[in-house]
Amino acid sequence: MTGAKRKKKSVLWSKVKAPHCEGFKQWCRRRLPILEWALHYNLKENLLPDTVSGIMLAVQQVTQGLAFAVLSSVHPVFGLYGSFFPAIIYAIFGMGRHVVTGTCALTSLISANAVERLVPSSSQNLTKQSNTSILGLSDFEMERIGIAASVSFLGGVIQLGSATFLFTEPVISAMTTGAATNVVTSQVKYLLGMKIPYISRPLGLFYIYTYVFENIKSVRLEALLLSLLSIVVLVVVKELNEQFKRKIKAVLPVDLVLVIAASFACYYTDMENTYGLDVLGHIPKGIPLPRPPSMNVLSAVIKEAFGVALVGYAASLALAQESAKKFKYSVDDNQEFLAHGLSNVVSSFFFCIPSAAAMGRTTGLYSTGAKTQVACLISCIFVLTVIYAIGPLLYWLPMCVLASIIVVGLKGMLIQFRDLKKYWNVDKIDWGIWVSTYIFTICFAANVGLLFGVVCTIAMVIGRFPRAKTLNIKNMNEMEFKMKTEMDGETRQQVKIISINNPLVFLNAKKFHADLMNIIQKEHASNQPFDDTNKCEQNSLLNSLSNGNCIEEASQPCPEERACSVVLDCSGLAFFDSSGVSVLVEVYRDCQSRSVDVSLAHCTASLVKAMQYFGNLDSEEPIFFKSVSAAISDIHSNKVRQNLSKLSEQSEV
């Protein structure tokens, strides 16, 4: 009896334990994406491109880390730490396989406001000049990094619970372009070799350029010439690398070559004393023991922390989504929140400035052919080598050369001015939001511009919704038709008709795409062969879309060996924005890759123009039709032509 009870108890325990273990494994894979891709990592195919990309990335991580630390008003060595710790944490928790996290121009500018406000440069003479036991740096430098680390810590905590669906593509594009303009302005003093006081007031950009023109005689010609030479070399070599990257095995690391050449030239000619050029200065070796950020200043940096959370995460999520779209995988917004939040929180204990995903370095991973986050981990090894061995050799690096590297690295953000033409042709309201967001960003700050863009977007949607159609009367019965050919008698082709009954904007665009692709994927997953019959019927499916949700009324599998077509009835699409047009184009591309034909019926002239411009569909087969029946007739005609073509080929054989 006792044995039977014990056996029964063990069976019950195993049933209870199994689901818990399985659930824990799923939770680990969901919260630790590195477990998902590391277990399936292909050493033979991925290690070489990841290694090459990692080496190239390390050069950018070092140079931009040093520059962004100076931009954040802290000692350059802390930029090296900011290029090391956040990258490792994101590689473990992040889902973007090509996203590079580390020091960022956007967050550095915001952090500098808190540092200069709480520990201004004028207090350096009042601060005790004795070196501390940490890296041999002065108390003044340690106070400054303490403020920056506090901003990073609080910004990371706020990131853990933010929302993202309000960050539309025009707002992100305008904000990042405006922030890049501000960063270029902040580097003017190094490019020209001038002493410009720190200005953080509203309209500060205009005050800086006014100061430059008023003191134009104080420009150092040597610094200006060296800056121009560095920018020309960087731009020309990078353009050549981009054009011939398919013909050469490895691109030239021009950033590294320029840093080495400029440092040697400055050392042997003693430019610091001879021409008065600013150099990087002493870089101490090693990483100090972790220390918690100063908690008593959190209330004083809450404004900058919110800015880091909003701007940093908005830019990072946009890069992760772009990477996922480009390389055909998905990212979870909440997991990205967690990854970037932890990158800032944990790194703040290691004297790091606020971090975020960097557009220039992420784009660099695209061009160098990186496959996974292993490239970022390899770059961290080289950054660690610089921290412990090579750092002191960078003493003679001219600041004007470092500023030139930063300006050229912002090219990807600055060329987003070209988006203005796209938004003008797609949706003029989005064009207006882009321009106004950019103006607010350069006049005030990146976080102010981002908030203004979000408010404008919400206001425009609220203003346009009352004019949208609320009723859409249709007289569409379930249609049946047969397609007769000489090749195989009567065959069946399934057509799914999906009706869009609401505006398609940034609020529901992502949900619309997910629901529509789920329907198509479900059809392929439940694929079953047809029975051999002489007479078949085909039902068109009428699906309703409400608030971005696709509700399928009837479902029959689309066999892979038979063509499956989707007709989107846009008669109920009252209005749209650039996000809606982007999703429609993305749906079309995804369906084409799955061998699913997509047609759009009842499209307005503005929608046709926007999709043709946004998706470059001019050269594609016709996909826009005046009615659903016209779309179905075209599908029927194409099927007949295909069958006749096959029949003629068989006859020739």
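Residues numbered from 1 in each chain as written. Predicted model: local features only at pLDDT ≥ 70, side-chain atom pairs only at ≥ 80, totals over all residues. Heavy atoms only, no water.

1. A look at the packing of aromatic side chains
Okay, step 1: On inspection of all chains with the given rule, the structure shows 17 aromatic pairs.
Okay, step 2: Here F84 and F85 contribute two aromatic rings whose centre-to-centre distance is 4.9 Å and whose plane-to-plane angle is 80°, an arrangement assigned as edge-to-face.
Okay, step 3: In this structure F84 comes out as buried when scored by relative accessible area, which is 10%.
Okay, step 4: Taking the relative accessible area as the measure of exposure, F85 reaches 13% and is therefore buried.
Okay, step 5: Summarising the aromatic geometry, the rings of F440 and F444 are spaced 5.5 Å apart at their centres and angled 35° between planes, so their arrangement reads as tilted.
Okay, step 6: The class of F440 is partly exposed, set by a relative accessible area of 29%. (Phe/Tyr/Trp six-rings, centres within 6.5 Å; stacked < 30°, edge-to-face > 60°. Buried < 20%, exposed > 50% of the residue type's maximum accessible area, 1.4 Å probe, protein only.)

2. As for unusual backbone geometry
Okay, step 1: A positive phi angle, near 65°, is found at L203, a position not held by glycine.
Okay, step 2: By the element assignment, L203 lies in the loop between α8 (188–192) and α9 (204–214).
Okay, step 3: In this structure L203 comes out as partly exposed when scored by relative accessible area, which is 36%. (Helix = DSSP H or I, 4+ residues; strand = E, 2+ residues; numbered from the N terminus.)

3. So, the environment of C104
Okay, step 1: Within the fold, C104 resides in the loop between β1 (101–103) and α5 (105–118).
Okay, step 2: C104 sits in the buried class, given a relative accessible area of 3%.
Okay, step 3: The spacing of C104 and R361 is 257 residues in sequence and 9.9 Å in space, taken between C-alpha atoms.
Okay, step 4: If we skip the residues at most four places from it in the chain, C104 touches F68, A356 and A357. (Contact = heavy atoms within 4.5 Å.)

4. Looking at helix α19 (residues 419–426)
Okay, step 1: Here α19 has its buried residues at D419, K422, Y423 and V426. One side of α19 holds all its buried residues, which, seen down the axis, span an arc of 95°.
Okay, step 2: Looking at the packing, one finds that the buried side of α19 touches α7 (169–186), α20 (428–443), α23 (578–593) and α24 (605–615). (Arc of directions from axis to C-beta.)

5. Things to note about the packing of α7 against α20
Okay, step 1: Where α7 meets α20, the axes come as close as 8 Å, and the angle between the chain directions of the two elements is 30°. By the angle class used here, α7 and α20 are roughly parallel. For the element pair α7 and α20, the recorded crossing hand is right-handed. Of the residues in α20, those touching α7 at P170, V171, S173, A174, M175, T177, G178, A179, T181 and N182 are D430, I433, W434, T437, Y438, T441 and I442. (Axes fitted to C-alpha atoms, helices over the stretch in contact; angles between N-to-C directions. Parallel < 35°, antiparallel > 145°, perpendicular 65-115°, else oblique. Left-handed = near helix turned anticlockwise from the far one by under 90°.)

6. A closer look at the pairing of strand β8 (residues 564–569)
Okay, step 1: With 6 of its 6 residues buried, β8 lies for the most part within the structure.
Okay, step 2: Here β8 shows two buried faces, one formed by C564, V566 and L568 and the other by S565, V567 and D569.

7. Concerning the pairing of strand β9 (residues 596–601)
Okay, step 1: In terms of burial, β9 is largely enclosed, as 5 of its 6 residues are buried.
Okay, step 2: Summarising the sheet, β8 and β9 pair through 6 bridges and their orientation is parallel. Looking across to β9, one finds that L568 is bridged to L600.
Okay, step 3: One crossover worth recording links β8 to the parallel β9 by way of α23, and it is right-handed.
Okay, step 4: Sheet topology places β9 next to strand β10 (residues 624–625); 2 bridges connect them, and they run parallel. Paired with A601 across the two strands is F625, which belongs to β10. (Pairing = 2+ DSSP bridges. Right-handed = clockwise from strand over helix to strand, strands pointing away.)

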